[in-house]
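Here is how the chains run, residue by residue.
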Amino acid sequence: MRIALVIERMDTFGGGRERSVAEIATELSRRGHEVSVLCQMGSPPESSVRVLSLGRVGLTRSAQMANFIRMVEAEIRGGKYDIVHATLPIPSANIYQPRGGTVVGQQAGKNRLSSPVGRMVRKITSPLNRTRALAMKIERQVVDNLDITCLAASKLVAEEFSRYYNRHENVRVIYNGVEVPQINQEQRIANHKKWRKRWNISDDGTIFLTVAYN
């Protein structure tokens, strides 16, 4: 199967979104699929993954985004791909998976964290942000298309599709996978003793460990 993954930048040393897409591309390739990453610029996470750098065209961020989406759409129209998985709103994609939440959801989150004065300033300046306005416009177009599967990495993001777009159909929650490292029993026992001693917890005391973000 020929699969295209769309992301602005393919940099394995970048943020979580870049690393996630690199891991997805690598795993799909290992399973025998022909994988291409469509981006403005970047390098392949491994030799079997093709990276098509379309370039950053335009003087402003909004122009660069519009041109990038246009170039991706042109590449998709060539019929080279069976599935197009996009991390930013692409009207011709089969799958839309906003890694950091929907565009409108991210904006709402920033407003919640802002002070009353900050929210007022954001409300005044928000219409001037042409890049965000363009992203919101295209995201609305994508989410309104029920043929496009909307993937969410959490129930919170799935609720954003419902709250801001009244989208309930064809929305799926797929949690991020975790690659469990090989456990060295001797090291585990040493860590067990080290941390219990530091926290002054007996050998038979119960410890609850929670891994969380936001």
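Residues numbered from 1 in each chain as written. Predicted model: local features only at pLDDT ≥ 70, side-chain atom pairs only at ≥ 80, totals over all residues. Heavy atoms only, no water.

> Give me the sheet that holds strand β7 (residues 95-96): which residues, what numbers.
Spatially, the 7 strands line up as an open sheet ordered β5-β3-β1-β6-β7-β8-β9, and their pairing is parallel. On the outer flanks of this sheet lie β5 (50-53) and β9 (171-173), each paired with one strand and no other. With 2 bridges joining them, strand β6 (residues 83-86) and β7 adopt parallel strand pairing. Bridge pairing in β7 links A86 to Y96. (Pairing = 2+ DSSP bridges. Helix = DSSP H or I, 4+ residues; strand = E, 2+ residues; numbered from the N terminus.)

> Quick rundown of the pattern of salt bridges? Include the residues and the values.
Applying the stated criterion across every chain, the model contains 7 salt bridges. Residue R9 pairs with E18 through a salt bridge whose shortest N-O separation is 3.4 Å. Judged by relative accessible area, which is 36%, R9 ranks as partly exposed. The exposure class of E18 is buried, given its relative accessible area of 9%. In this structure, R163 and E159 form a salt bridge, with 4.0 Å as the shortest nitrogen-oxygen distance. (Salt bridge = Lys/Arg side-chain N within 4 Å of Asp/Glu carboxyl O. Buried < 20%, exposed > 50% of the residue type's maximum accessible area, 1.4 Å probe, protein only.)

> A description of a nonpolar patch on the surface should follow, citing residues and the corresponding values.
A cluster of nonpolar side chains, contributed by W195, W199 and I207, occupies part of the molecular surface with about 300 Å² of accessible area. For W199, the location among the structural elements is in helix α7 (residues 185-199). Residue W199 is classed as partly exposed on the basis of its relative accessible area, which comes to 48%. (Patch = residues over 30% accessible without salt bridge, like charges linked within 9 Å, V, L, I, M, F, W, Y side chains within 5 Å. Areas by Shrake-Rupley, 256 points an atom, 1.4 Å probe, with all protein chains shown as cover.)

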